[in-house]
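Here's the letter readout for the chains.
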Amino acid sequence: MILIADCGSTKIDWCVLDKDRVVARVATCGMNAMLLTEDEMASNIARELMPSISAYPIDEVYYYGAGCLGDVCDNVRRAIARNIDAKVIEVASDLLAAARALCADQPGIACIMGTGSNSCYYDGKEIVDNVSPLGYILGDEGSGAVLGKLLVGDVLKKQLPEPLCEKFLTQFGLDRLTIIKRVYKEPAANRFLASLSPFLIQNIEEPSIHRLVLNAFKAFFVRNVSNYPMYKTLPVNFVGSIAIYYRNVLEEAAAAFDIKIGTVLKSPMDGLIKYHSK
């Protein structure tokens, strides 16, 4: 049997496969492998996952998580091995999860567009090129965090119509000082900013809002996708909530550069199930 994990900072989706049949789905608390020790991760797996899957003979484990690079992968791999006696334990990044879920064994450009954003050129087997996302301060174009950042900036600098600015502040119970405190003084500013982005889709028919989102997506294509030599001939695929909810505007931005949008998924798990079922 195969165990697949799609890990984020707040939640991990686990799936047990018996050949091509899903026999169990489990959700546990997320793990940031950059912040936790091997002992802490092993303890979390033992406490939250093992009671639900201990009856299944797991032969292979494929664990995908944000920040899973280098020595971090080794820590995760050992934490899993302390709980599961599997012949194969592979730990890889969430970007490889996106590439496998979106492209399977075909070459393509795979992108993540959720709270953050990322992209890569995938040759059907591995990631061969990646434009660094740089995070929401220096990059992450088109992400929920950056959309929220652009929205807040336009509201506070009165770049949107006054009724729209008032509507935003009232809907979220915010004022200038509260926003500045949440962004500059408190942790997880990226999540706070991303939590504001639904206002954009709720008001996407407003010309100023549509323009903000469209320009953010155009920036994603210019600063990321256009760096891959085959970006006009290969499909550009997306996984993430922003890509799902704003798909029409995303396709409009792509069309401006003669880019073809391929598969769009909310999360990678269904694609990973198909990939590993083979």
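Residues numbered from 1 in each chain as written. Predicted model: local features only at pLDDT ≥ 70, side-chain atom pairs only at ≥ 80, totals over all residues. Heavy atoms only, no water.

> Sorry if this is basic, but what is going on with helix 12 (residues 247-255) here?
Every α-helical turn comprises 3.6 residues, leaving residues that sit three or four positions apart pointing alike. For helix 12, every residue scored as buried is listed here: Val249, Leu250, Ala253 and Ala254. Buried residues of helix 12 fall within an arc of 140 degrees about the axis and therefore sit on the same side. Each element contacted by the buried residues of helix 12 is listed here: strand 6 (108-113), helix 10 (207-223), strand 9 (236-239), helix 11 (241-245) and strand 10 (261-265). (Buried < 20%, exposed > 50% of the residue type's maximum accessible area, 1.4 Å probe, protein only. Helix = DSSP H or I, 4+ residues; strand = E, 2+ residues; numbered from the N terminus. Arc of directions from axis to C-beta. Contact = heavy atoms within 4.5 Å.)

> Is there a simple way to explain the pairing of strand 4 (residues 60-65) in this structure?
Two faces, one strand: in a regular strand the side chains alternate between the faces of the sheet. Of all the six residues making up strand 4, five are buried; the element is thus mostly covered by neighbouring parts of the structure. Judged from the six bridges that link them, strand 1 (residues 2-7) and strand 4 form a sheet pairing that is parallel. Bridge pairing in strand 4 places Cys7 opposite Gly65. Relative to strand 5 (residues 88-93), strand 4 runs parallel, the two being bridged by six bridges. Across the sheet, Tyr64 pairs through a bridge with Ala92, a residue of strand 5. Between the parallel elements strand 4 and strand 5, the chain passes through helix 2 (residues 71-81) in a crossover that is right-handed. (Pairing = 2+ DSSP bridges. Right-handed = clockwise from strand over helix to strand, strands pointing away.)

Read these as geometric descriptors, not functional statements.
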